[in-house]
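# Summary of the model geometry
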Amino acid sequence: MSETSPRYLVPFHPKRVPHFFTDVLIIGGGLAGLRTALEVDPGLSVLVICKGRLDQSNSYQAQGGVAAVLSPEDSFEQHVDDTLDAGGSLVDREVAERVIRRAPEEIERLISWGTEFDRVDDRLALAREGAHSCNRVAHALGDATGKEIMRAVIARAGNRPNIQIWAETFTIDLLTHEGACRGALVWNGRHGKTAVWAKQTVLCTGGSGQIYRETTNPSVATGDGMAIAYRAGAELRDMEFMQFHPTVLYIAGSSRNLITEAMRGEGAYLVDRTGNRFMPEYDQRAELAPRDIVSRAIVTQMEKTRHPNVYLDLTHLDPQRVRSRFPGIAAFCAKFELDITRDRIPVRPGAHYMIGGVTVDAEGRTTVPGLFAAGEVSSSGLHGANRLASNSLLEAMVCGAIVGRCVSRDADKIVDDFHALPLENRPTSVVNGQPLDLDDIRNSLKSLTWRLAGVRRDGEGLAEAAQNINHWCRYVLDCQFDDPTGWELQNMLLIARFMIEAAAVRTETRGVHVRTDFPRTDDSRWNHHITFRRDPAGA
Ligand code: SIN
């Protein structure tokens, strides 16, 4: 599938923007970005561009942990089988095996860099999460694993003389020449636009949960990496597979904080407004069924009980253990007068992890030469149609390391000819975006996707969603904005359009994509990826 839209969001004249040169440009400062940076040959210069602050990434906010085979009771085969069981036949087995086999060495590396994982009697404490057949999730600070991992990784990157980090810098578009990526046009409040030229560019920009009204994702997760890759000619795939986390805090006025699946691993129950523990009615694994099943069951139970949420109940567990295992969640809930050892926690599903993204091969190469991707922005084949819990930090580390090695090799082969490159910047329109109420469009988009392309979808709702989004796209995508609010909205609309289109086309239910009008999986027609690629004639 393809559609036409402007190649670049903004006009720029090469003689009127400052230029910056680096061997490797990494866009994104989460775990995938910094792990890639740390693997690049120290003789090469690396620039990491980060849209917000380094503590605003999804990686930083991760609670549950990292899945890895770390005990004698576990095996690589079991971890691979669990990944395949959750993700189904769209999981690429070779990718799953490669990532899972490298997990223990990545955990060791993090420990050697100073990450302090939680321990019991000197051994790593391993938690259970949904659809895992074994306790294999390493965690830190109880329920703040991402914060602890990122503390160590940020410190390590800060000590590397070849790595520079530009925080609060927005990437507007990738620069291409003769079909290959040669860097990016970026913007920040200090310098305005800068053309960053790079021998190799890596996208590690995370996901797109902010396209939904209810989401666990930080405000920066607006799908920018997928949008800029698409405009540069890269293939996107699996855009219909947005994973909904079953348990997101639902209190009026509070941010939609993730309530980690590890709570259910510790024995928490899901109950409805009447106190009925309903999960055993839906799946024999009860609260530890895969996420798609739990999210769907919660939505059904909310409807049955005519209530806007269900509850996580930990009141039967040892209060001391609950407080020490989940200190962050306990403190956050206390702000709303909830004592998680005595009160039930109101929760419902929210958009959590974008399974689809920029198509990459085994080495993280996208379909555009000179452009790589790692982590949530990419579609590596690890997750199939439903990601196994805690496989994402793992993917960020293993794939980041693979990409870091590859770009080091490839950068050596590129001649330093940046000064001679003409820029292909032909903006198609000069409509000024000034009169638009961008917040209004953004909120309307988020409500629309939540209502019509959420945990459950159907053809009629998706057609309505497509009609609205196409209408908004017609007058927003051709506008020229001069700051990130407008560019971000343009990216969100573009990505939402693909998510809706793919969801409408896939007339079956598979993994996290649940069509109420096509409730069965139809392997005869749909056991393949749905892809998007820009029609170059649209430039
Ligand atoms: C969680 O802590 O429940 C989230 C972990 C994940 O998304 O893998």
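So, here is what we can say about the structure in this document. For clarity, every value in this text was computed on a predicted model and none was experimentally measured.

### Let's talk about the packing of helix 4 (residues 93-112) against helix 12 (residues 392-411)
Where helix 4 meets helix 12, the closest approach of the two axes is 9 Å, and the angle between their N-to-C directions is 90°. Considering the angle they form, helix 4 stands roughly perpendicular to helix 12. For the pair helix 4 and helix 12, the contacting residues are Arg 98, Val 99, Arg 102, Ala 103, Glu 106 and Leu 110 in the first and Leu 394, Glu 395, Met 397, Val 398, Cys 399, Ala 401, Ile 402 and Arg 405 in the second. The residue inventory of the contact of helix 4 with helix 12, partitioned by class, reads 9 nonpolar, no polar and 5 charged.

### Describing the sheet that holds strand 3 (residues 66-67)
Here we have 3 strands laid out as an open sheet, ordered 3-7-6, and antiparallel in their pairing. One side of each edge strand has no neighbouring strand; the edge strands of this open sheet are strand 3 and strand 6 (126-127). Judged from the 2 bridges that link them, strand 3 and strand 7 (residues 137-138) form a sheet pairing that is antiparallel. Paired with Val 66 across the two strands is Ala 138, which belongs to strand 7.

### Quick notes on the environment of Ala 227
Within the secondary structure layout, Ala 227 lies in helix 6 (residues 224-231). With 131 residues separating them in the primary sequence, Ala 227 and Val 358 have C-alpha atoms 9.3 Å apart. Setting aside chain neighbours within four positions, we find Ala 227 in contact with Asn 491, Leu 494 and Ile 495.

### Brief notes about helix 3 (residues 76-87)
The end-to-end C-alpha distance of helix 3, which contains 12 residues, comes to 16 Å, matching closely the 16 Å that a straight helix rising 1.5 Å per residue would cover. Turning to helix 3, its buried residues number three or more, namely His 79, Val 80, Asp 82, Thr 83, Leu 84, Ala 86 and Gly 87. Buried residues along helix 3 sit against strand 3, helix 4 and helix 12. The first or second residue beyond helix 3 is Gly 88, which carries a positive phi of 75°.

### Quick look at the environment of Val 24
Examined against the element boundaries, Val 24 turns out to sit in strand 1 (residues 19-27). With 421 residues separating them along the chain, Val 24 and Leu 445 place their C-alpha atoms 35 Å apart. Excluding its chain neighbours within four sequence positions, the residues that come into contact with Val 24 are Val 40, Ser 45, Val 46, Leu 47, Ala 198, Gln 200, Val 202 and Val 407.

### Concerning helix 5 (residues 145-158)
For helix 5, built from 14 residues, the straight-helix expectation of 20 Å at 1.5 Å per residue is met to within 8% by its first-to-last C-alpha distance of 20 Å. Those residues of helix 5 lying buried are Thr 145, Gly 146, Glu 148, Ile 149, Met 150, Ala 152, Val 153 and Ala 157.

### A closer look at the site of the ligand
Around the ligand sit Gln 63, Gly 64, His 245, Leu 258, Thr 260, Glu 261, Arg 291, His 352, Arg 387, Ala 389 and Ser 390, and those are all the residues in its vicinity. Thr 260 has a polar side-chain atom sitting 2.6 Å from an oxygen atom of the ligand. Contact distances for the ligand include 2.7 Å between an oxygen atom and a side-chain N or O atom of His 352. Here the ligand, which alone exposes 260 Å², has 94% of that area covered by the protein. Residues that form the shell around the ligand fall into these classes: 2 nonpolar, 6 polar and 3 charged.

### Some remarks on the sheet that holds strand 19 (residues 378-379)
If you trace the 4 strands from one edge of the open sheet to the other, you get 19-17-12-22, paired in mixed fashion. Of all strands in the sheet, those bounded by a partner on one side alone are strand 19 and strand 22 (531-532). Two elements, strand 17 (residues 357-359) and strand 19, share 2 bridges in a ladder whose sense is parallel. Residue pairing in the sheet places Val 358 in a bridge with Ser 378 of strand 19.

### Overview of the packing of aromatic side chains
Tallying each qualifying case throughout the model produces 11 aromatic pairs. For the ring pair Phe 244 and Trp 450, a centre distance of 6.1 Å and an interplane angle of 55° mean the geometry is tilted. Taken as a pair, Phe 244 in strand 13 (residues 242-249) and Trp 450 in helix 13 (residues 438-452) lie far apart in primary sequence, 206 residues in all. Given a relative accessible area of 4%, Phe 244 falls into the buried group. One aromatic cluster is present, formed by Phe 170, Trp 187 and Trp 487 through successive ring pairs. One Lys or Arg, Arg 7, reaches over the ring of Tyr 8 and ends 4.0 Å from the middle of that ring. The ring of Tyr 311 is capped by Arg 344, whose NZ or CZ atom sits 5.0 Å from the centre of that ring.

### Things to note about unusual backbone geometry
One non-glycine residue, Asp 238, lies in positive phi territory at about 60°. Its place among the elements puts Asp 238 in the loop between strand 12 (236-237) and strand 13. In this structure Asp 238 comes out as buried when scored by relative accessible area, which is 3%. Here the phi dihedral of Glu 337 falls at roughly 60°; this positive angle occurs in a residue that is not glycine. One can find Glu 337 in the loop between helix 11 (327-334) and strand 16 (345-354).

About the criteria used
Residues numbered from 1 in each chain as written. Predicted model: local features only at pLDDT ≥ 70, side-chain atom pairs only at ≥ 80, totals over all residues. Heavy atoms only, no water. Axes fitted to C-alpha atoms, helices over the stretch in contact; angles between N-to-C directions. Helix = DSSP H or I, 4+ residues; strand = E, 2+ residues; numbered from the N terminus. Parallel < 35°, antiparallel > 145°, perpendicular 65-115°, else oblique. Contact = heavy atoms within 4.5 Å. Nonpolar A, V, L, I, M, F, W, Y, C, P; charged D, E, K, R; others polar. Pairing = 2+ DSSP bridges. Expected span 1.5 Å × (residues − 1). Buried < 20%, exposed > 50% of the residue type's maximum accessible area, 1.4 Å probe, protein only. Near = heavy atom within 4 Å. Polar contact = N/O pair within 3.5 Å; in protein donor to acceptor, adjacent residues only side chain to side chain. Areas by Shrake-Rupley, 256 points an atom, 1.4 Å probe, with all protein chains shown as cover. Phe/Tyr/Trp six-rings, centres within 6.5 Å; stacked < 30°, edge-to-face > 60°. Lys NZ or Arg CZ within 6 Å of the ring centre and 35° of its normal.

Purely geometric stuff here, so don't read any function into it on its own.
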